[in-house]
Amino acid sequence: MPLFRAEHGGAKPGAGRRRRTRGMEWLGSCGKTDENGHVLSLARLCLLSLADNMKEVWAKDYADNYLDRYSFRYIMGPFNLLPGELVEELTWLLCTRKQMSRAALHLMLVPQLRGLSLESCPGLVTSTLCGHIAARCQGLWSLDLSGGHQLPSKVLCETICCLPALRSLSLAGTPCDRCVIKAISQRCPLLRHLDISRCHLLSPAALLPLGGGASFLSSDSPSRSPHCTSQSSISSSCSAPLSPLPLSSLLALDIGFGEQEGDPVAAAAYLLLSLPSLERVAIEGLAQACCLIQQRRFNQTEEFTDREGVPRLVELWRQWRHRQSMDSCRKMTEAACEEEEEEGGTLWDGFGTDREEEARGDGGPNGSQNQIEDRKRGRDLSDDGRLVLQLRDVRGISCDSLDSLCLACPNISSISVNVDDFENSRGESQGSPLATGLQAWSAQLRSLSIHHPGRLANLLPALQVSCSSLVSLTLEGVKTGPHTPLLEVIKACPRLRDLLISAEPTTTPWDAEDEEDERAEQDLPRLTNLCSLTLNFSYEHSQMKPVMSCMSLKRVLKCLLAGSPLLEQLSLVSLPCPLNGVLQKVLHVLDLDRYPFADTTNSRPMPLGRLQRVYLPRTDVTMMTVRSLMQRSKRLKYVDVSYCWQISQLEWMRCDGSTEVQVVWL
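Colleague: I keep staring at the overall build of the protein and nothing clicks. Help me out?
Modeller: Assigned secondary structure in the protein consists of 24 helices and 18 strands. Split into buried and exposed, the 666 residues of the protein put 49% on the buried side. Taking all contacts inside the protein whose residues are at least 6 apart in sequence as the whole, residues at least 24 apart take part in 75%. A total accessible area of about 31400 Å² is found for the protein, and carbon and sulfur atoms account for 50% of it.

Take a look at the structure:
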């Protein structure tokens with residue numbers, strides 16, 4: 001059992017508690033098959049056995065005799081001989097099944113561990129645990145402590161200083177401050193992903209050390225970073241200039257405020273110029289920073305840069321241009337060398353294959369020249385000297401900033417936009433500039449998220465322009481009404497795999513529509529690739545039943561449920577229309593002639609046949625319909641029917657005790 005005791009003293013009890021669940025992503029209904037019905041590997045079956053017996057067998061001796069009596073630097077057994085990949089998978093398995101305990105987590109901290117994510121159990125993230133991580137897992141590549149709000153900044157600094165191999169670090173919702181950021185910039189030279197969202201102790205200026213370039217002595221006074229003075233290991237290297245981190249992903253939305261109004265934009269501009277590898281960004285003032293750089297208005301940020309003791313933006317701009325010019329020359333030289341080698345090989349062989357000719361292009365040597373020109377156009381400086389960033393995923397953008405973002409970021413494939421509910425000076429709704437802004441990425445956009453506290457109809461022009469290539473669409477805060485174009489939205493996005501709509505129900509009742517004939521059903525749009533569907537309506541907790549004011553929503557639901565045979569996750573919350581009848585109709589359409597979306601092959605898709613997780617709170621669904629869902633989908637693992645007023649406690653208890661599917665009811 002535990003050896004190599006480092007110090008005496010009891011550890012502070014954690015808040016973790018084991019809760020048993022019956023399903024996870026790669027478990028079938030019997031627990032021995034995956035979601036496709038294939039038999040699980042021997043390794044996974046062993047991990048399942050370890051997880052199920054962790055509390056009563058593997059962690060029992062340590063929990064009973066050592067956990068609260070001693071504090072060990074290292075623990076020998078029982079998992080120190082397992083490969084790091086299996087320990088990581090076992091840790092993930094315990095966390096997702098809500099079976100992770102403080103004792104089990106201590107046993108999982110072995111030197112060979114490369115990834116540790118505690119996002120799903122933040123109650124276990126304590127100062128004592130971080131000390132164990134720093135001592136035992138110094139080879140970690142990925143660490144996620146999101147939600148650990150009880151951690152002091154000093155503990156975060158000490159932990160990070162012991163993890164120099166980190167590539168990914170998530171500290172969202174923690175007391176991360178300026179001192180922690182400086183520790184990251186000094187001690188994590190390989191870091192590629194950083195998530196510091198919801199860290200309210202951080203100001204925009206506190207992010208500047210990530211871009212390197214100065215010692216930041218002016219920012220480290222005790223009055224601004226009280227914990228930094230106690231970190232001798234960090235302070236000893238304060239005078240050395242910092243190198244920019246190789247970050248490709250930086251998430252820093254919902255942090256603290258700056259000293260002055262323009263600080264977020266100036267800080268964002270500094271980071272964009274000093275971190276050339278960024279592809280995924282979520283920071284305040286991003287689009288405005290792109291506009292500032294494009295228009296060379298660097299003098300507006302001189303007060304900020306001088307105050308923070310960092311290089312001025314005009315200097316970073318010159319360095320950027322020089323660096324990109326050198327990179328472009330190097331790429332062109334490499335391309336020319338590759339071309340010469342290919343031509344030499346062709347002459348030596350006497351002829352070229354068709355594949356080689358296709359690789360060179362239709363124009364022979366001209367095709368190679370075109371490739372070189374394409375590379376030149378893809379570099380970070382356009383022909384007229386404008387900055388072209390390599391960003392592909394941006395979040396938190398306002399609708400009126402899309403124009404400047406289009407010029408600076410032509411490669412965007414994922415974007416999150418906030419659209420206000422008002423009209424501009426010309427009387428146009430905000431949907432019009434949104435459509436114009438998204439048009440530049442219409443052929444390449446894969447993921448789109450829009451927050452709009454107005455009518456869904458306002459967004460339809462933008463969706464029709466940009467959604468043909470989308471695989472993920474999120475619409476939050478939209479308002480519904482008698483003429484909400486939900487079917488038109490579905491028609492505009494034929495390739496969707498994930499659809500999430502969070503809406504406000506209307507206060508005006510919709511007129512019930514007449515039953516459509518068979519020909520009308522044939523014209524309903526299909527989402528044949530849809531795997532996840534979420535349609536949630538807001539509600540008051542004091543209101544047991546939603547007002548049935550959107551009767552025509554039934555046709556939309558039937559279209560989505562019957563026309564999406566690959567659906568795996570379904571969430572329909574507080575629907576303002578009857579759902580039980582729609583589900584019954586879809587479940588009972590088994591005849592090929594009555595099922596317009598069925599294929600004519602022998603293995604025709606079945607509506608709702610692939611469901612794994614279902615959430616139906618505050619709907620009129622009945623237990624009979626729930627049982628029909630279980631019979632239809634043999635992969636179903638979880639059903640949430642909380643506050644469904646047509647299901648009684650007795651019905652729930654009978655169903656929960658007679659099936660392997662976990663059924664939740666309140």
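Colleague: It is not clear to me how the nonpolar core should be interpreted in this structure. Could you clarify?
Modeller: Side chains of nonpolar character tend, in soluble globular proteins, to be buried together. Within the largest apolar cluster, 179 residues are counted, with the highest numbers of intra-cluster contacts made by Ile184 and Ile415. At eight residues, helix α10 (residues 263-274) tops the list of elements feeding residues into this core. Every residue in contact with isoleucine 415, bar those within four places of it in the chain, is listed here: Val394, Leu402, Leu405, Leu438, Trp441, Leu445, Ser447, Leu448 and Ser449.

Colleague: I'm lost on unusual backbone geometry in this one. Help?
Modeller: In terms of backbone geometry, most residues other than glycine have negative phi values and most peptide bonds are trans. Within the chain, lysine 98 stands out as a residue other than glycine whose phi angle is a positive 60°. Positionally, lysine 98 belongs in the loop between α4 (84-96) and α5 (102-108). You will see that tyrosine 643, though not glycine, has its phi angle at about 60°, which is positive. Locating tyrosine 643 in the fold gives a position in the loop between β17 (638-640) and α24 (649-657). Residue class for tyrosine 643 comes out partly exposed when judged on its relative accessible area of 35%.

Colleague: What's the story with the pairing of strand β15 (residues 569-573) in this structure? I'm lost.
Modeller: Consecutive residues of a regular strand have side chains that alternate between opposite faces of the sheet. The buried fraction of β15 is high, at four of five residues. Sheet topology places strand β14 (residues 532-537) next to β15; five bridges connect them, and they run parallel. By the bridge assignment, serine 532 is partnered in β15 with glutamine 569. In the classification by handedness, the crossover that spans β14, the intervening helix α21 (residues 553-562) and the parallel β15 is right-handed. Bridging between β15 and strand β16 (residues 613-615) involves three bridges; their strand directions are parallel. Bridged to leucine 570 within β16 is valine 614.

Colleague: Help me out: how do you make sense of the packing of α21 against helix α22 (residues 580-588) in this one?
Modeller: Packed helices, taken two at a time, are described by their axes: the angle between them and the distance between them. Where α21 meets α22, the closest approach of the two axes is 10 Å, and the angle between their N-to-C directions is 35°. Taken as a pair, α21 and α22 cross one another with a handedness that is right-handed. On α22, the residues touching Lys554, Leu557, Lys558, Leu561 and Ala562 of α21 are Val582, Leu583 and Val586. Along the lines of polarity and charge, the residues of the contact of α21 with α22 split into six nonpolar, no polar and two charged.

Colleague: Could you clarify how one ought to interpret the environment of leucine 90 in this entry?
Modeller: By the secondary structure assignment, leucine 90 is in helix α4. Residue leucine 90 is classed as buried on the basis of its relative accessible area of 0%. Leucine 90 sits 42 residues away from leucine 48 along the chain, and the two C-alpha atoms are 8.1 Å apart. Ignoring anything within four residues of it in the chain, the contact list for leucine 90 reads Leu47, Leu50, Ala51, Met54, Phe79 and Met108.

Colleague: Would you explain the pattern of salt bridges in this entry?
Modeller: Two side chains carrying opposite charge are able to pair once their charged atoms lie near each other. In this structure the tally under the stated criterion is nine salt bridges. Here aspartate 393 makes a salt bridge to arginine 395, at a shortest N to O gap of 3.8 Å. Overall, the relative accessible area of 16% leaves aspartate 393 in the buried class. For arginine 395, a relative accessible area of 29% gives the class partly exposed.

Colleague: When you look at the side chain of serine 404 in this model, what are you seeing that I'm missing?
Modeller: By the element assignment, serine 404 lies in helix α16 (residues 402-408). A polar contact is formed between the side chain of serine 404 and the backbone oxygen of alanine 287, at a distance of 3.4 Å. With sequence-adjacent residues up to four places away left out, serine 404 is seen in contact with Ala287, Cys290 and Cys291.

Colleague: Could you clarify how one ought to interpret the environment of serine 197 in this entry?
Modeller: With respect to the helices and strands, the residue serine 197 is situated in the loop between β6 (193-195) and α9 (232-235). Here the alpha-carbon distance between serine 197 and leucine 250, two residues 53 residues apart in the chain, equals 9.2 Å.

Colleague: I keep staring at the packing of aromatic side chains and nothing clicks. Help me out?
Modeller: The relation between two aromatic rings is expressed through the spacing of the ring centres and the mutual angle of the planes. Tallied over the entire structure, the rule returns four aromatic pairs. A centroid spacing of 6.2 Å and a plane angle of 50° characterise the contact between tryptophan 58 and phenylalanine 79, whose relative ring orientation is tilted. In this pair, tryptophan 58 is assigned in helix α2 (residues 54-58) and phenylalanine 79 in the loop between β2 (70-72) and α4, connecting sequence segments 21 residues apart. Given a relative accessible area of 2%, phenylalanine 79 falls into the buried group. It is arginine 613 that lies over the ring of tyrosine 638; its NZ or CZ is 4.6 Å from the centre. The cationic tip of arginine 618 hangs over the ring face of tyrosine 643; the distance from NZ or CZ to the ring centre is 4.6 Å.

Colleague: Explanation requested: the side chain of threonine 91 in the structure shown.
Modeller: With respect to the element layout, threonine 91 can be found in helix α4. A polar atom in the side chain of threonine 91 sits 2.8 Å from the backbone oxygen of valine 87. Leave out the neighbours within four places in its chain, and threonine 91 touches Met100, Met108 and Leu116.

Colleague: Can you walk me through helix α6 (residues 127-136) in this structure?
Modeller: One turn of the α-helix equals 3.6 residues, which is why residues spaced by three or four share an orientation. For α6, the tally of buried residues reaches seven of 10 residues, placing the bulk of the element in the interior. Where the residues of α6 are buried, they touch β2, α5, β3 (115-117), β4 (142-144) and α7 (153-161).

Colleague: Got a minute to help me understand a nonpolar patch on the surface in this structure?
Modeller: On the surface, Met544, Tyr643 and Leu666 cluster together to form a nonpolar patch covering roughly 300 Å² of accessible area. Along the chain, methionine 544 turns up in the loop between β14 and α21.

Colleague: For this particular structure, what's the right way to read helix α1 (residues 42-52)?
Modeller: When α1 is considered as a whole, its buried residues turn out to be Leu47, Leu48, Leu50 and Ala51. The buried residues of α1 occupy an angular sector of 160° when projected down its axis, which confines them to one face. Those residues of α1 that are buried lie in contact with α2 and α4.

Colleague: Teacher, can you tell me more about the pairing of strand β12 (residues 472-479) here?
Modeller: By the bridge criterion, five bridges tie strand β11 (residues 447-451) to β12 in an arrangement that is parallel. Bridged to isoleucine 450 within β12 is leucine 475. Between β11 and its parallel partner β12, the chain crosses via helix α18 (residues 460-466), and the hand of that crossover is right-handed. Note: β12 against strand β13 (residues 498-504), seven bridges, orientation parallel. Among the inter-strand pairings, valine 478 is bridged to a residue of β13, identified as alanine 503. For the handedness criterion, the β-α-β arrangement of β12, helix α19 (residues 486-492) and β13 is classed as right-handed.

Cut-offs used in this document
- Residues numbered from 1 in each chain as written.
- Predicted model: local features only at pLDDT ≥ 70, side-chain atom pairs only at ≥ 80, totals over all residues.
- Heavy atoms only, no water.
- Helix = DSSP H or I, 4+ residues; strand = E, 2+ residues; numbered from the N terminus.
- Buried < 20%, exposed > 50% of the residue type's maximum accessible area, 1.4 Å probe, protein only.
- Contact = heavy atoms within 4.5 Å.
- Areas by Shrake-Rupley, 256 points an atom, 1.4 Å probe, with all protein chains shown as cover.
- Core = buried A, V, L, I, M, F, W, Y, C linked by side-chain atoms within 4.5 Å.
- Pairing = 2+ DSSP bridges.
- Right-handed = clockwise from strand over helix to strand, strands pointing away.
- Axes fitted to C-alpha atoms, helices over the stretch in contact; angles between N-to-C directions.
- Left-handed = near helix turned anticlockwise from the far one by under 90°.
- Nonpolar A, V, L, I, M, F, W, Y, C, P; charged D, E, K, R; others polar.
- Salt bridge = Lys/Arg side-chain N within 4 Å of Asp/Glu carboxyl O.
- Polar contact = N/O pair within 3.5 Å; in protein donor to acceptor, adjacent residues only side chain to side chain.
- Phe/Tyr/Trp six-rings, centres within 6.5 Å; stacked < 30°, edge-to-face > 60°.
- Lys NZ or Arg CZ within 6 Å of the ring centre and 35° of its normal.
- Patch = residues over 30% accessible without salt bridge, like charges linked within 9 Å, V, L, I, M, F, W, Y side chains within 5 Å.
- Arc of directions from axis to C-beta.

Function cannot be read off these values alone, since they describe shape.
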